[in-house]
Amino acid sequence: MGTRIVTALIAIPIGILIIALNNEILYYIAMTAFSVIAVYEMLVTTKYLKNKFISVVSLLFSATTPFLFWIEPLRDNIRMIYFGFVVILLLGMLINHEKARFEQVALVALISIAIPLALCSVAFIRSKFPDHATFLIVYTMVSAWIGDAGAYFVGTFLGKHKMCPSISPKKSWEGFVGGIVTSGIFAVIMSFSYELIDSLINCGAHTFSVNWIYLTLLALVISGLGVVGDLSASLVKRECSVKDFGNLLPGHGGVLDRFDSILLAAPFAYMMFQIYFPITPIA
């Protein structure tokens, strides 16, 4: 427990600093680092890191993914770049067919594309909605993480019906419901707090309104997707007979262990913000 607390005391201020600075370049650099580490952890866990060629291609592609969407010339040719990545992997499989099986190449392609895209959704929110990026990013991540925390505490005291005992023995249906409710409550608190901060900054005048009903309903779904991401990661670890994806964060595991609940939550939030933006300017 002491190690977990020390790690949190170091990691949380760094995360707060990145969010507070609200710098686009910093976001993409951070997401690049997280993406490469997360993909590396998955390659180690699945023991596919032994295939050097496929691993190098995978990690290099993971490192470039954030910039494919940030730098306009690369973004304009993104379909061709993704196509080239798949072709290179298949060529590697053909050249090294005695060691590289198709299922290995398919998994490497999936994690090399899916994990960086999922994590970079946080940076995409920053680029797409710069005026309210800090709030939206905090809202998205808190909705996923606070749901996990709520599920833990409710499940600990009230959990009786196991949710997926063969995957995650500690998770219960009571905890699942408690986590979703917790996320909804915090969504309401965050929505009104954001409006209050705006009012204080502008001497009592509101410059925008927040659709707290939409954000509350959205938080319920985000929390549920966080559970799906967490359980999926737990299943991978169980099948590979490992406790954690890594040890970069002592007491907490690796990057994937901390961000597994974000893998589906962040892309979903980014898409929903594009469909309907919950913050309306007041003329």
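The rules we used
Residues numbered from 1 in each chain as written. Predicted model: local features only at pLDDT ≥ 70, side-chain atom pairs only at ≥ 80, totals over all residues. Heavy atoms only, no water. Helix = DSSP H or I, 4+ residues; strand = E, 2+ residues; numbered from the N terminus. Buried < 20%, exposed > 50% of the residue type's maximum accessible area, 1.4 Å probe, protein only. Contact = heavy atoms within 4.5 Å. 1 Å grid on protein atoms, 1.4 Å probe; cavity = no way out; pocket = protein on both sides within 12 Å on 5 of 7 lines; lining within 4 Å. Points joined across faces, edges and corners; volume = space filled by probe spheres on them. Nonpolar A, V, L, I, M, F, W, Y, C, P; charged D, E, K, R; others polar. Expected span 1.5 Å × (residues − 1). Phe/Tyr/Trp six-rings, centres within 6.5 Å; stacked < 30°, edge-to-face > 60°.

**Brief notes about the side chain of Ser 58**
- Examined against the element boundaries, Ser 58 turns out to sit in helix α3 (residues 52-70).
- Residue classification places Ser 58 among the buried positions, given a relative accessible area of 0%.
- The contacts of Ser 58, once residues within four sequence positions are left out, are Val 39, Leu 43, Phe 85, Val 108 and Ser 112.

**Digging into unusual backbone geometry**
- Phi is positive for Cys 203, close to 55 degrees, though the residue is something other than glycine.
- Within the fold, Cys 203 resides in the loop between α8 (173-201) and β3 (208-210).
- Although it is not a glycine, Ser 241 sits at a positive phi angle of roughly 60 degrees.
- As for its position among the elements, Ser 241 is in the loop between α9 (212-239) and α10 (255-259).

**Things to note about the layout of surface pockets**
- Space inside the second largest pocket adds up to approximately 320 Å³.
- Around the second largest pocket, the lining comprises 17 residues; the ones closest to its centre are Met 42, Ala 114, Ile 115, Ser 232 and Leu 263.
- Breaking the lining of the second largest pocket down by element, the ones donating at least two residues are α6 (102-128), α9 and α11 (262-275).
- A total of six residues in the lining of the second largest pocket trace back to one element, the largest contributor, which is α6.
- Class assignment for the residues of the lining of the second largest pocket results in 14 nonpolar, two polar and one charged.

**As for helix α2 (residues 24-45)**
- With 22 residues, α2 should cover 32 Å at 1.5 Å per step; its first-to-last C-alpha distance of 31 Å lies within 8% of that length.
- Of the residues making up α2, those classed as buried are Tyr 27, Tyr 28, Ala 30, Met 31, Thr 32, Ser 35, Ala 38, Val 39, Glu 41, Met 42, Leu 43 and Thr 45.
- Looking one or two residues past α2, Lys 47 carries a phi angle of roughly 65 degrees, positive in sign.

**Details of the packing of aromatic side chains**
- A full pass over the atoms with the stated rule returns 14 aromatic pairs.
- For the ring pair Phe 192 and Trp 212, a centre distance of 5.7 Å and an interplane angle of 40 degrees mean the geometry is tilted. Of this pair, Phe 192 sits in helix α8 while Trp 212 sits in helix α9, placing them 20 residues apart in sequence.
- The class for Trp 212 is partly exposed, based on a relative accessible area of 36%.
- With 4.8 Å between their ring centres and 35 degrees between their planes, Tyr 194 and Phe 208 make a pair best called tilted. With Tyr 194 in helix α8 and Phe 208 in strand β3, the pair connects residues that are 14 residues apart, well separated along the chain.
- In this structure Tyr 194 comes out as buried when scored by relative accessible area, which is 16%.
- Joined through ring pairs, the aromatic side chains of Phe 129, Phe 135, Tyr 139, Tyr 194, Phe 208, Phe 273 and Phe 277 make up one cluster.

**Considerations on the side chain of Thr 216**
- Secondary-structure assignment places Thr 216 in helix α9.
- Not counting chain neighbours up to four residues away, the residues in contact with Thr 216 comprise Gly 184, Ala 187 and Val 188.

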